[in-house]
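So the chains spell out like this:
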Amino acid sequence: MLKKTDYSPAQDQINKDTPTVIIIGAGFGGLAAGMILSSKGYKVTVLEKLSVTGGRGSSRFQQDHRFDLGPTILTVPKVFEELWERCGENFHDHVKTTKLDPYYNIVFQDKTTLRISDSMEDFETQIKMLSPKDLKGYRKFMDLSRRQYEFAFSKKGKMGRSSMHKFWNTLKVFPTFALLRADRSVYQSVAAYVTDPKLRFAMSFHPLFVGGDPFNVTSMWGLVNYLEHKFGVHYISGGAQAMADAMAKKICSEGGQLKLDSSVEKILTSGDRAIGVQLNNGKKFFSDIVISNADVGHTYSNLLKEKRKKRWTKRYLNKKNWSMSLFVWHFGTKKTSEMWKHVDHHTILVGPNYKKEVEDIFIKGNLPDEMSLYIHRPSVTDDSVAPKGDDTFYVLACVPHLGFSNSIDWEVNKEIYKNKVLSMLEKKLMPGLGKKIKTEYVMTPIDFQNRYLSTYGSGFSIEPRMFQSAWFRPHNKSEELKNFYLVGAGTHPGPGMPGVMASAEILDEVIPTAKEFQSEIKVRYRD
C-alpha cells in the first residue's frame, strides 16, 4: 500500500516547462485520469483526503481480516486493459483477476435459487424448469440488451464512452433511444418480455448495483445483462485497493505524485479559469488544469462555493434525484470455511416484496422492514482476506439517503438494523452466524457522507435516470470554468466501475496533449 509523501514547496508553482494537472481524489476516476494525463505529457499531482488510495474502493484491516469497502465486482476488464495499453503497459502484468463461476447466486424467500454464470444455456435450462413459457421472451430481451450495449458502450466513441457536453451529441441519439425503448424503466422493459416474478427480479435488479431504482432508471441499464454474459464477473486479487495502488504507482513512475491525507478545501479560480486548489491546512497548489474526482455535489457546492454558477448551483443540485445510500456490515468469522457451503463468492438474498422495498428506499425514505441483501464472501476465492480456516464477509442492504425530510437517525438505528440483518441471515441463509463473528465494522449513510464527502451520504452520486444522464448529467468538461474537468460516478456516463473508467477515458478526447496545450497558451498570450 502506498504511503504519504512529503510536500515540496517548489511543486506549488506552475512548471513552465511542463503543463501541470491537479487531480482531487484518488478514486478510480482520478487515478485513471492521472494515468491518461501523464501519458499525454502532463506533470500530474493527485491529492487524496484519505490515507490510502482507491476512494470508495479502499480497504480496512482488522484482526488479520481485510475488509474491501467498495466495489467487489469487475464486469468489463477491457476498459482497464485498454487504459493500461493506452499508457504503454499490459494490465495483467500489474493486476491479477479471477473470473468467477458462478458469477452469483440469487436466493428467493422460498429457497429457490437462480445461478448466474457465463453459460446462457445453463440459465435457459433454469428458465425451462421455472417458467418455460418465458424462454422465448428471455431470448428477445437478451437481444435487446445486446443492441443496447453495442449502441452505448461497446467501444470508444460510443455514447457512453464519448463526451456529451454539447447538447447536440445527446439530441442526435434520441431516435435510437426510441428504437431501444429507453423511455421504459429497466423493470418495465424486463416485464414486457417475461412474466415470472423471479425472472423479472433476476433480469432487472442490476441498477441497484449503481444506485438506481429499477422501476425508474432508463431501460438502457438493461445492457448489464448482456455485458455480464459477454465479459463475465471477475474478482480483483487483493481487492479493489490493490488495483488502485497499481494505478497510483504507474502515475508516480511517469513523474507524477500522490499526496495522501491531503483534503482539498476549495478550488482556486482566476476569472473564468481554474488555477489550482487550497488544502484544509491553507496550503495552495497551482496548476494549469484541475480535475475533480470528488463527489459532484461536494465539488460544485463546497469546493466552488465562492464561484457563481451558470448551471450547477446548490439549489439545482438539491433538486436532483440522488442514489440511495448503503448499510454495509463487514465482519470476520472464526473457523467457518467449511460452513455454509451454499454461500459462494457472491449471493443475493431477495426480500419478500421487491417493488415495495425499492419504493420505501427511493421514494418514501423509509427503512424496509424486510430487506434484500447482497452477501460478499471473498475468502472462498482469495486466501489473503482472512486467516486460514476463517472467513471475511461483506453484507450490504440498500437504504435511503439522508436527504429525506424523515431522515433516519443512524446513531439510534445502526445496531437495531444490524440485528435485523443478522436475524434474516441466520433464518434464511447462514444459521448460527452470530456466534461465529469475531470482528466487525459497520458503515451507514453517515459514514458515506463523512468519509467520502458524499451528498446526502448517497452511495453512487446522482441517480442515473434518463433525464439525469448524458448532457443532463454534470459534464466531464465543466461548463462552469475553463481548464476544469470532472470524472467519477456523478458525471457522464454514470456510476459503476465501467462508467467511472469511461469518464476518465473521455478526458483523452477533450484535453489536448501537453505540447498542444503549451502551444495554445503561447498563442493566447501572444494575441
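Residues numbered from 1 in each chain as written. Predicted model: local features only at pLDDT ≥ 70, side-chain atom pairs only at ≥ 80, totals over all residues. Heavy atoms only, no water.

Q: For empty space enclosed by the protein, give the residues involved together with the corresponding values.
A: A water-sized probe, rolled over the atoms, reveals where empty space remains. Scanning all chains against the criterion turns up 5 cavities of 30 Å³ or more. As a volume, the second largest cavity reaches approximately 190 Å³. What lines the second largest cavity is a set of 16 residues, and nearest its centre among them are Ile-116, Phe-123, Tyr-138, Met-142 and Asn-225. Of all the secondary-structure elements, those providing two or more residues to the lining of the second largest cavity are strand S7 (113-116), helix H3 (120-130), helix H4 (135-152), helix H8 (197-204) and helix H9 (223-231). Ranked by the residues each element gives to the lining of the second largest cavity, the list is headed by H9, at 3 residues. (1 Å grid on protein atoms, 1.4 Å probe; cavity = no way out; pocket = protein on both sides within 12 Å on 5 of 7 lines; lining within 4 Å. Points joined across faces, edges and corners; volume = space filled by probe spheres on them. Helix = DSSP H or I, 4+ residues; strand = E, 2+ residues; numbered from the N terminus.)

Q: Before we move on, could you go through unusual backbone geometry and cite the residues and values that matter?
A: Leaving glycine aside, a negative phi is the common case for residues, and trans is the common case for peptide bonds. The peptide bond linking Asp-101 to Pro-102 adopts the cis configuration, its omega dihedral lying at 0 degrees. Structurally, the position occupied by Pro-102 is in the loop between strand S5 (97-99) and strand S6 (104-107). Each neighbour pair has its own omega, and for His-492 with Pro-493 the value is 5 degrees, a cis peptide bond. With respect to the secondary-structure elements, Pro-493 resides in the loop between strand S19 (484-486) and helix H16 (497-505). For Trp-340, which is not a glycine, the phi torsion comes out positive at approximately 50 degrees. Owing to a relative accessible area of 6%, Trp-340 belongs among the buried residues under this scheme. In this model, Leu-453 sits at a positive phi of 55 degrees, which is unusual for a non-glycine residue. (Buried < 20%, exposed > 50% of the residue type's maximum accessible area, 1.4 Å probe, protein only.)

Q: For the pattern of salt bridges, give the residues involved together with the corresponding values.
A: Counted under the stated rule, the structure contains 28 salt bridges. Lys-40 is the salt-bridge partner of Asp-508, the closest N and O atoms lying 2.9 Å from each other. One end of the pair, Asp-508, is in helix H17 (residues 507-510); the other, Lys-40, is in the loop between helix H1 (28-39) and strand S2 (43-47), and 468 residues separate them in sequence. Residue Arg-146 pairs with Glu-150 through a salt bridge whose shortest N-O separation is 3.0 Å. In this pair, Arg-146 and Glu-150 both sit in helix H4, 4 residues apart, roughly one turn of the helix. Judged by relative accessible area, which is 25%, Arg-146 ranks as partly exposed. (Salt bridge = Lys/Arg side-chain N within 4 Å of Asp/Glu carboxyl O.)

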